[in-house]
Amino acid sequence: MKYNISILFLWMAFQGLVAQNAPLSAEEAVSIALENNYNIKITRSDIEIAALNNTRANAGMLPTVNLVVNETANVNAFQELRLADGRTIGAVGAFNNNANAAVQLNWTLFDGKRMYIVKDRFSQQELLAQHQLKVAVQNTTAAVLETYYGVVGSQLQERAIQEVIALNEERLRIAEARLAAGFAAQTDALQAKIDLNQRKGDLISQQNMTATNRRNLNLLMARVPDTPMTLPTAITSTYKPDRAALIQQLESNPAMLSLLTAVDIAQLNVAETKTLWKPRINGIGQANLVRTDNAANFILNNTQIGVSAGVQLVMPLYTGGNLRRQQDIATVAVRQAEMRINDQKMILESALANQIAFFETQSQILALEDENIRIARENLMVSTERFRVGTTNGLEPQIAQNSLEQALARKNQVLFNLKSAEIRLKLAAGAL
């Protein structure tokens, strides 16, 4: 039994170690970023604010009820009352007190349907906040993916430099062996050493770039900058862009939907300003409690309890042109919103066309670079063997090594370019 428990604990520990060292996938990086990224959290709070504003009461559809309490006390230095029957009442230092309490109700019964337009505007603003969240999510996703594959691409470049370093070390050993045997000049060994040190410096610089990209990725995931992570060592993609499908998806791009919703809001603002010309009818109700105390009067105190109700009509007759100005501004805002839609559509279509062309170009270049690497490896093998047997000097393998190094660097860049183009195509089409 104890043996089985020990096996269980060892298995759990092994699984935990495997999970800890497992490469962080692109999907996991995006998930962490969307959960922790502060820009996403702020945008989510904008939706919460818009939802809190989207109420009937905020639109003015419900009545307001207020409790109002007043009390006024004064002392008259001298007070004299002359009554109709000839009597005179006088007092010095008379104390008077007036207290009243009321529950007041005010309800807008008609305002040219402005309250309904305002409620629709609140709903559209909440919808706009939701679209803007999707925009933030897609932009964050694209940023995380580009940074993620930037780290992977930088690691690929490290491996390429390490391969070239190994080739330089082999070349240096051959040069030193030939120099020791008296078959070669010292310059071959010195140049091989210089090239080796240069490649080691390139590796240090590339490792620093990888570390910087890792910190940037951790920042997007709202993690401590130097949080360790293991990433894949290859960039692969089977993505094939479909121009017709991507163009069709433009209409569902969250940025486009945001602009369309902004047009709806602008049109509601126009409708709202038009209602300002119309009469407004308010219902007014009040329950009163009034008590007045007079130290010097034929009525010493007066107490009243009652209810009152009424209707108020408000009709704008002259506003100095302010209502017309507000309506004109709202109309111009609609035209602006519509122009933004057309502008954004052209931008997205142009971005799609450019990225598709870029993707196709990079795909063709990738095939060429694969062939270049194959040829460069073969050329380097022949040059190294010629240098080993002494039929050439160190310049020939040096040139061959440089050709291979450049081909590897170009291929790594093309692989990143393809992934970046894929991400940007999906972002433009709203498919991330």
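Here the structure is shown first, and the text comes after it.
Here goes a summary of the coordinates provided. Worth saying up front: this structure is predicted, and the values here are computed from it rather than measured.

**With respect to the overall build of the protein**
- The secondary structure content of the protein amounts to nine helices and four strands.
- Each helix and strand of the protein, ordered N terminal to C terminal, gives the series α-α-α-β-β-α-α-α-α-β-β-α-α.
- Relative to its 432 residues, the protein shows a buried fraction of 34%.
- Sequence-distant contacts in the protein: of pairs separated by 6 or more residues, those separated by 24 or more amount to 80%.
- For the protein, the exposed area adds up to about 25400 Å²; of that, 58% sits on carbon and sulfur atoms.

**Overview of a nonpolar patch on the surface**
- On the surface, a cluster of nonpolar side chains totalling about 750 Å² of accessible area is made up of Val 65, Leu 67, Val 69, Val 103, Leu 105, Trp 107, Leu 109 and Phe 110.
- Those elements that provide at least two residues to the nonpolar patch are β1 (64-82) and β2 (88-110).
- Mapped onto the secondary structure, Val 65 falls in strand β1.

**A few points about the packing of aromatic side chains**
- With the rule as written, the count across this model stands at two aromatic pairs.
- Seen in terms of ring centroids, Tyr 148 and Tyr 149 are 5.1 Å apart; in terms of plane orientation they differ by 80°. Their pairing is edge-to-face. The residues Tyr 148 and Tyr 149 share a single accessibility class, namely buried.
- Considering the side-chain rings of Tyr 239 and Phe 359, the 5.9 Å spacing of their centres and the 85° angle between planes classify their relative orientation as edge-to-face. In this pair, Tyr 239 is assigned in the loop between α5 (186-220) and α6 (243-249) and Phe 359 in helix α8 (residues 322-389), connecting sequence segments 120 residues apart.
- When its relative accessible area of 16% is taken as the criterion, Tyr 239 is described as buried.
- Assessed through its relative accessible area of 6%, Phe 359 is described here as buried.

**Looking at the packing of helix α2 (residues 26-36) against helix α4 (residues 114-180)**
- Following both chains from N to C, one finds α2 and α4 inclined at 135°, their axes separated by 9 Å at the closest point. Between α2 and α4, the crossing angle belongs to the class labelled oblique. Seen from above, α2 lies across α4 with right-handed handedness. Residue-level contacts link Ala 26, Ala 29, Val 30, Ala 33 and Leu 34 of α2 to Val 137, Thr 140, Thr 141, Val 144, Leu 145, Tyr 148 and Tyr 149 of α4.
- By residue class, the composition of the contact of α2 with α4 is ten nonpolar, two polar and no charged.

**What to know about the environment of Leu 133**
- Structurally, Leu 133 can be placed in helix α4.
- For the pair Leu 133 and Asn 39, spaced 94 residues apart in sequence, the C-alpha to C-alpha distance is 9.4 Å.

**Looking at the nonpolar core**
- The biggest cluster of nonpolar side chains holds 39 residues, and the ones touching the most others in it are Tyr 148, Tyr 149, Leu 217, Met 221, Leu 231 and Leu 246.
- For this core, the element with the highest residue contribution is α4, accounting for eight residues.
- Not counting residues within four places of it along the chain, the set of residues in contact with Tyr 148 comprises Leu 24, Ser 25, Ala 26, Ala 29, Leu 217, Leu 231 and Pro 232.
- By size, the runner-up hydrophobic cluster in this structure holds eight residues, among which are Ala 160, Leu 380, Ala 400 and Ala 407.

**Re helix α3 (residues 38-53)**
- The terminal C-alpha atoms of α3 lie 23 Å apart, and with 16 residues this matches the ideal 22 Å at 1.5 Å per residue to within 8%.
- Among the residues of α3, those classed as buried are Ile 40, Thr 43, Ile 47 and Ala 50. Along the axis of α3, the buried positions cluster into a sector of 75°, meaning they face one direction only. Opposite the buried face of α3, by more than 90 degrees, sit the exposed residues Tyr 38, Ile 42, Glu 48 and Leu 52.
- Check the buried side of α3 and you find it contacts α2 and α4.
- Between the side-chain oxygen of the N-cap and the backbone nitrogen of Asn 39 there are 2.9 Å, and the N-cap of α3 in question is Asn 37.

**A look at α5**
- When the terminal C-alpha atoms of α5 are compared, their 52 Å separation across 35 residues agrees well with the 51 Å that a helix rising 1.5 Å per residue should span.
- Residues of α5 that are buried include every one of Asp 188, Ala 189, Ala 192, Asp 195, Leu 196, Arg 199, Leu 203, Gln 206, Thr 210, Asn 213, Leu 217 and Asn 218, and no others.
- Where the residues of α5 are buried, they touch α4, α8 and α9 (395-428).
- Two residues or fewer past α5, Ala 222 is found with a positive phi of approximately 55°.

**What to know about the layout of surface pockets**
- Volume-wise, the largest pocket comes out at about 240 Å³.
- If you trace the largest pocket, you find 17 residues lining it, with Thr 108, Asp 111, Arg 114, Leu 276 and Arg 280 closest to the centre.
- Of all the elements in the fold, those that place two or more residues in the lining of the largest pocket are β2 and α4.
- Of the residues that constitute the lining of the largest pocket, the class distribution is eight nonpolar, five polar and four charged.

**Notes on the packing of α4 against α9**
- Where α4 meets α9, the closest approach of the two axes is 10 Å, and the angle between their N-to-C directions is 170°. By the angle between their directions, the pair α4 and α9 is classed as roughly antiparallel.
- Tallied by class, residues from the contact of α4 with α9 come to 15 nonpolar, nine polar and six charged.

What counts, and at which threshold
- Residues numbered from 1 in each chain as written.
- Predicted model: local features only at pLDDT ≥ 70, side-chain atom pairs only at ≥ 80, totals over all residues.
- Heavy atoms only, no water.
- Helix = DSSP H or I, 4+ residues; strand = E, 2+ residues; numbered from the N terminus.
- Buried < 20%, exposed > 50% of the residue type's maximum accessible area, 1.4 Å probe, protein only.
- Contact = heavy atoms within 4.5 Å.
- Areas by Shrake-Rupley, 256 points an atom, 1.4 Å probe, with all protein chains shown as cover.
- Patch = residues over 30% accessible without salt bridge, like charges linked within 9 Å, V, L, I, M, F, W, Y side chains within 5 Å.
- Salt bridge = Lys/Arg side-chain N within 4 Å of Asp/Glu carboxyl O.
- Phe/Tyr/Trp six-rings, centres within 6.5 Å; stacked < 30°, edge-to-face > 60°.
- Axes fitted to C-alpha atoms, helices over the stretch in contact; angles between N-to-C directions.
- Parallel < 35°, antiparallel > 145°, perpendicular 65-115°, else oblique.
- Left-handed = near helix turned anticlockwise from the far one by under 90°.
- Nonpolar A, V, L, I, M, F, W, Y, C, P; charged D, E, K, R; others polar.
- Core = buried A, V, L, I, M, F, W, Y, C linked by side-chain atoms within 4.5 Å.
- Expected span 1.5 Å × (residues − 1).
- Arc of directions from axis to C-beta.
- Polar contact = N/O pair within 3.5 Å; in protein donor to acceptor, adjacent residues only side chain to side chain.
- 1 Å grid on protein atoms, 1.4 Å probe; cavity = no way out; pocket = protein on both sides within 12 Å on 5 of 7 lines; lining within 4 Å.
- Points joined across faces, edges and corners; volume = space filled by probe spheres on them.

Without other data, these values stay purely geometric and don't point to any function.
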